[in-house]
Amino acid sequence: MAYAAYDPNDCRAMLTIEHTIPESTSPSAERPEGVPLHFPGGLLGFESNKQFELISDDELKPFQWLKGLDADQSFLVIPPAFVVVNYSVEISDDDVALLGIQSPEDAQVICIATYHPNETVTVNLKGPIIFNQQTGKARQIVPLNAAELSLSHPMGN
Amino acid sequence: MLVLSRKPKESIVINGNVTVSVLRVDNENVRIGIEAPIEVPVMRQEIYNEISQNNQAAAGSAKAKIKIKQLAKN
């Protein structure tokens, strides 16, 4: 909605109201407003895909949609707490500095999920995405204990 | 590929801001130290490869999954 100032002394002034009807082609509960996430280094193997939007969709819960804006490459992601107990990621001081994390609550973790033809889902615990929910800065990291972590952890186990 | 020979304690400089140093050489192992700016990710090649491939497969599978969802709705 936008309007121009109305000057009662100027009869040429027009009061303009624009109302934009949100375009919704999909009947799903998807809200177009997502959380913008910026990956300065892109994703591993896709370093030029830097800008994403993290979208919540009631039908996908607890998964979210990490929508790629620089390229047609999007992901289903999920917080690791839904997949394993005791998943702890040690974030290096460099990553803390890079992401501008000032307190532990700022740091959020999501993991990329793969859907398989047989309807099973596996989750990449080895290369999690850490983001700063205050600034939207994100990075796909390889934790120090990556050798012990699974690239394809099955869900539902 | 640029091929250089180094002895332990010798280094290589890449792009003026990445330094690769040979720390120790055993029979089958070379211990390598890397200094790089914090925004430059450094990791074992096989890990980089497997995560890249996983990213690619995941993106493809997500696309397929969402398509199936939309088809099911209509």
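As the structure is a computational prediction, the values presented were derived from the model and not from experiment.

Summarise the overall build of chain B; cite the residues concerned and give the values.
Per the secondary structure count, chain B includes one helix and three strands. In chain B, the succession of α and β elements from N to C terminus is β-β-β-α. The 74 residues of chain B split such that 9% are buried.

Tell me what's going on with unusual backbone geometry, and back it up with residues and numbers.
Note the cis peptide between Lys61 of chain A and Pro62 of chain A, where omega equals 0°. Within the secondary structure, Pro62 of chain A is located in the loop between strand 2 (51-55) and strand 3 (64-68). The phi dihedral of Glu119 of chain A is positive, around 75°, even though this residue is not glycine. Residue position: Glu119 of chain A is located in the loop between strand 5 (107-115) and strand 6 (121-123). A residue is classified by how many C-beta atoms lie within 10 Å of it, and Glu119 of chain A, with 7 of them, is exposed. Of note, the phi angle at Lys9 of chain B is positive, near 85°, even though the residue is not glycine.

With reference to specific residues and values, describe the confidence of the model for chain B.
Residue and element names in this part refer to chain B. Here chain B averages 92 in pLDDT, and 97% of its residues register 70 or above. Averaged pLDDT values for the elements of chain B fall to 87 in helix 1 (residues 45-73) and rise to 98 in strand 1 (residues 11-14). Here the predicted complex carries an ipTM of 0.85, next to a pTM of 0.81.

Account for the sheet that holds strand 3 (residues 30-35) of chain B, naming residues and giving values.
All names here are of chain B. Taken together, the three strands give an open sheet; going across it, the order is 1-2-3, and neighbouring strands pair in antiparallel fashion. Two strands close off the open sheet at either side, each with one partner strand: strand 1 and strand 3. Looking at each pair of strands side by side, their axes are set apart by 20° on average, direction ignored.

Break down the interface of chain A and chain B for me, citing the residues and quoting the values.
Across the contact, 24 residues belong to chain A and 20 residues belong to chain B. Listed by contribution, the elements that provide at least two residues to the side of chain A that touches chain B are strand 4 (75-78), helix 1 (93-99) and strand 5 of chain A. It is strand 5 of chain A that provides the largest number of residues to the side of chain A that touches chain B, a total of four residues. Looking at the side of chain A that touches chain B residue by residue, the class counts come to 15 nonpolar, seven polar and two charged.

Describe in detail the nonpolar core, supporting the description with residues and values.
With 33 residues, the main nonpolar core has Phe75, Val77, Ile78, Cys111 and Ala113 of chain A as its most contacted residues. Elements with a contribution of two residues or more to this core: strand 2, strand 4, helix 1, strand 5 and strand 7 (129-132) of chain A together with helix 1 of chain B. Element by element, the count of residues in this core is highest for strand 5 of chain A, at five residues. When neighbours within four sequence positions are excluded, Ala113 of chain A is seen to be in contact with Phe63, Leu76, Val77, Ile78, Val121 and Val123 of chain A together with Ala58 of chain B.

Let's hear about the confidence of the model for chain A: which residues, and what values?
All names here are of chain A. Per-residue confidence for chain A averages 83 on the pLDDT scale, and 79% of its residues sit at or above 70. When the criterion is pLDDT under 50, residues 1-8 qualifies, and its contacts beyond four places in sequence or with other chains add up to 13 contacts. Every residue in residues 10-31 scores below 50 in pLDDT, and together they form 22 contacts with partners more than four places removed in sequence or on other chains.

Conventions used here
- Residues numbered from 1 in each chain as written.
- Chains lettered and ligands numbered in written order.
- Predicted model: local features only at pLDDT ≥ 70, side-chain atom pairs only at ≥ 80, totals over all residues.
- Helix = DSSP H or I, 4+ residues; strand = E, 2+ residues; numbered from the N terminus.
- Buried ≥ 20, exposed ≤ 12 C-beta atoms within 10 Å, placed from the backbone.
- pLDDT = per-residue confidence, 0-100.
- Pairing = 2+ DSSP bridges.
- Axes fitted to C-alpha atoms, helices over the stretch in contact; angles between N-to-C directions.
- Contact = placed C-beta atoms within 7 Å.
- Nonpolar A, V, L, I, M, F, W, Y, C, P; charged D, E, K, R; others polar.
- Core = buried A, V, L, I, M, F, W, Y, C linked by C-beta atoms within 7 Å.

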